[in-house]
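# What the coordinates show
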Amino acid sequence: MKSFDRDMAPVAGRLCLGEALARIAPGDLDLIGQAGKAFIDFCRPNGISALALRALKLAGQEACMTPRARELLRCDAIRSAGRNIGLLADLAELAAAFGKAGLAPVALKGPAL
């Protein structure tokens, strides 16, 4: 794991927890602000752009990132939402096909879903 990823992983984890508002520390905000695009590049493959953006918005801490970094994070969150909508449509289609065949589909959490 790269040094930046090792530093950013716990920050991202705190952002994505349910109690994110209580867990965003000044050091976290400094790291996010200094990292800029690297923070977005960390969020994107981990699929947490939307969660990170929401946590920062809820905490009123979006200003820790540059406007350009905020826009990149927002665009990635929108792309992710679009992909998820497409995947959910595919899943609904599969579930309907299983239902017509008399089979009860079972969705398991994880990459298989």
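My aim in this report is to walk through the structure given alongside it, one point at a time.

Conventions and cut-offs
Residues take numbers from 1 onward in each chain, read along the sequence in its written order. Selection of residues for local features in this predicted model requires a pLDDT of at least 70, selection of side-chain atom pairs for listing and counting requires 80 or more, and totals for whole chains, interfaces and linings are taken over all residues. Derived side-chain values reflect all non-hydrogen atoms in the structure, with water molecules and hydrogen atoms excluded from consideration. Working definition: helices are DSSP H or I runs of at least four residues, strands are E runs of at least two. Numbering for both runs from the N terminus. A helix is expected to span 1.5 Å for every residue after the first. With a 1.4 Å probe rolled over the protein chains alone, any residue whose accessible area is under 20% of its type maximum counts as buried; one over 50% counts as exposed, and the rest are partly exposed. Note on contacts: a residue pair qualifies if any of its non-hydrogen atoms lie within 4.5 Å across the two residues. Only C-alpha atoms enter the line fits that serve as axes; for helices the fit covers just the stretch in contact. Angles between N-to-C directions range over 0 to 180 degrees. What sets the label is the angle itself: under 35 degrees gives roughly parallel, over 145 gives roughly antiparallel, 65 to 115 gives roughly perpendicular, and the rest give oblique. Helix crossings get a hand from a simple test, with the near helix turned counterclockwise from the far one by less than a right angle marking a left-handed crossing and a clockwise turn marking a right-handed one. Throughout, the ten residues Ala, Val, Leu, Ile, Met, Phe, Trp, Tyr, Cys and Pro are labelled nonpolar, Asp, Glu, Lys and Arg are labelled charged, and all others, Gly among them, are labelled polar. By definition here, a salt bridge exists when the distance from a side-chain nitrogen of Lys or Arg to a carboxyl oxygen of Asp or Glu is within 4 Å. Only buried residues count toward a nonpolar core, which is a set of Ala, Val, Leu, Ile, Met, Phe, Trp, Tyr and Cys residues joined through side-chain atoms within 4.5 Å. Polar contact is defined as a pair of N or O atoms within 3.5 Å, subject to the rule that within protein one atom must be able to donate a hydrogen and the other to accept it, and that residues adjacent in sequence are counted only when both atoms are side-chain atoms. For patch building, the residue pool is restricted to those with more than 30% relative accessible area and no salt bridge; the joining distance is 9 Å between like charges and 5 Å between nonpolar side chains (Val, Leu, Ile, Met, Phe, Trp, Tyr). With residues, only the protein chains shown are counted as cover, and all accessible areas are computed by Shrake-Rupley using a 1.4 Å probe.

Turning next to helix H6 (residues 67-100). Compared with the 50 Å implied by 1.5 Å per residue over 34 residues, the 49 Å span of H6 between its first and last C-alpha is a close match. Within H6, burial applies to Ala-69, Leu-72, Leu-73, Asp-76, Ala-77 and Ser-80. Packed against the buried residues of H6 are helix H4 (37-46) and helix H5 (49-58). Just downstream of H6 lies Gly-102, where phi reads positive at about 80°.

Two numbers describe how H4 lies on H6: the axes approach to 9 Å, and their chain directions differ by 15°. Taken together, the axes of H4 and H6 lie roughly parallel to each other. The way H4 lies across H6 gives a crossing that is right-handed. Residues Lys-37, Phe-39, Ile-40, Cys-43 and Arg-44 of H4 touch H6, and the partners they reach there are Ala-69, Leu-72, Leu-73, Asp-76 and Arg-79. Along the lines of polarity and charge, the residues of the contact of H4 with H6 split into 6 nonpolar, no polar and 4 charged.

For the structure on display, the rule yields 4 salt bridges. Among the ionic pairs, Arg-44 bridges to Asp-41, the shortest N-O distance being 3.7 Å. Placement of both Arg-44 and Asp-41 in helix H4 is noted, with a separation of 3 residues, approximately one turn of the helix. Across the pair Glu-71 and Arg-74 runs a salt bridge, and its minimum N-O distance is 2.8 Å. Of this pair, Glu-71 and Arg-74 both sit in helix H6, 3 residues apart, which is roughly one turn of that helix. Of the residues examined, Glu-71 reaches a relative accessible area of 31% and is grouped as partly exposed.

This next bit is on the nonpolar core. If you look at the biggest cluster of nonpolar residues, it comprises 15 residues, and the most contacted ones within it are Ile-32, Phe-39, Cys-43, Met-65 and Leu-73. Every element with two or more residues in this core is listed here: helix H3 (26-35), H4, H5 and H6.

We now examine the side chain of Asp-76. Mapping Asp-76 onto the fold places it in helix H6. One polar contact links Asp-76 to Ser-49, side chain to side chain, over a distance of 2.3 Å. In this view, Asp-76 contacts Arg-44 and Ser-49; residues no more than four positions away in its chain are not counted.

Moving on to a nonpolar patch on the surface. There is a patch of nonpolar side chains on the surface, built from Leu-94, Phe-98 and Leu-103 and spanning about 280 Å² of accessible area. Mapped onto the fold, Leu-94 is located in helix H6.

All right, on to the environment of Ala-9 then. Topologically, Ala-9 is positioned in helix H1 (residues 3-16). Distance in space between the C-alpha atoms of Ala-9 and Phe-42 is 8.5 Å, their sequence separation being 33 residues.

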